[in-house]
Amino acid sequence: MSPYFVWALSLALFLLIAAMACALFRLLKGPAAQDRVLALDCMYTIGMLTMLVLGIMYSSTDYFEAALLIALFGCISSTAMAKFLLRGEVIE
Amino acid sequence: MNEVLIPLWAQAVVGALVIIGALITLLGSLGLLRLKSYFERVHSPSIIATLGCWCIMHATVLFFSVMEQRLALHALLIAVFISVTVPITTIFLMRAALFRARRTGQNVPPAVSRVVSSDPADNVENRY
């Protein structure tokens, strides 16, 4: 591995962490509940991308399953919370 | 870190794709932070789920294909899954936000389903 490659991956990880910090700030600040759900959905996606970059960094396919699970649960939980905001209950 | 050797051109392309994807992710997240109203903000994370996700997915596919000397398309599964599910979540969230905005009497467009539907059971006030 060239040192520039490792440097590029570290920079990408730093940028992803900065993006997650922005989303976290919106999650804590967000005026309404739907802002917080949107920020959490965004954080799920960023976390999944971080997992993929870590998988490249450590040359391991094990991170792929974690990324897939994060994508799956992120979608389901965001839909459930949107349903809750819409109706006041998740399963009618 | 494992010492896996892949050619220099592959390292350059993977590094560039990962950095572009991360920059686009930061852009979308900054939009989530900076935009004024909720209905502007809800568009901003879509760029993470489309361009950012696809850039990093292509980097993953290229890296593992070169490293394992075979076509490693497993990361494509995540990108396809994300591109299917994120619009559904966004539409649900937008409908919930519209519903709540109508409930609190903000200035948003009226519900269409009341006008279109001829079924009396659908004529519920403030239906989304």
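Residues numbered from 1 in each chain as written. Chains lettered and ligands numbered in written order. Predicted model: local features only at pLDDT ≥ 70, side-chain atom pairs only at ≥ 80, totals over all residues.

Asker: Mind showing me how you'd approach the overall build of chain A here?
Answerer: Within chain A one finds three helices and zero strands. When the helices and strands of chain A are read in sequence order from the N terminus, they spell out α-α-α. In summary, chain A has a C-alpha radius of gyration of 16 Å against a globular reference of 12 Å for 92 residues, an excess of more than 25%. Based on the C-alpha atoms only, the size of chain A along its principal axes is roughly 55 × 25 × 10 Å. For chain A, the proportion of contacts with a sequence separation of at least 24, taken over those separated by at least 6, is 44%. (Helix = DSSP H or I, 4+ residues; strand = E, 2+ residues; numbered from the N terminus. Rg over C-alpha atoms; globule rule 2.2 N^0.38 Å. Contact = placed C-beta atoms within 7 Å.)

Asker: I would appreciate a short explanation of the packing of helix 2 (residues 33–57) of chain A against helix 1 (residues 8–34) of chain B in the present structure.
Answerer: Angle between the axes and distance between the axes: these two values describe a pair of packed helices. The N-to-C vectors of helix 2 of chain A and helix 1 of chain B enclose an angle of 165°; their axes lie 11 Å apart at closest approach. When the interaxial angle is binned, helix 2 of chain A and helix 1 of chain B end up roughly antiparallel. Crossing of helix 2 of chain A against helix 1 of chain B: the hand is left-handed. Of helix 1 of chain B, the residues touching helix 2 of chain A (which contributes Ala39, Cys42, Ile46, Leu49, Val53 and Ile56 of chain A) are Val14, Val18, Gly21, Thr25, Ser29 and Leu32 of chain B. Here the residues of the contact of helix 2 of chain A with helix 1 of chain B sort into nine nonpolar, three polar and no charged. (Axes fitted to C-alpha atoms, helices over the stretch in contact; angles between N-to-C directions. Parallel < 35°, antiparallel > 145°, perpendicular 65-115°, else oblique. Left-handed = near helix turned anticlockwise from the far one by under 90°. Nonpolar A, V, L, I, M, F, W, Y, C, P; charged D, E, K, R; others polar.)

In short, geometric facts, not functional conclusions.
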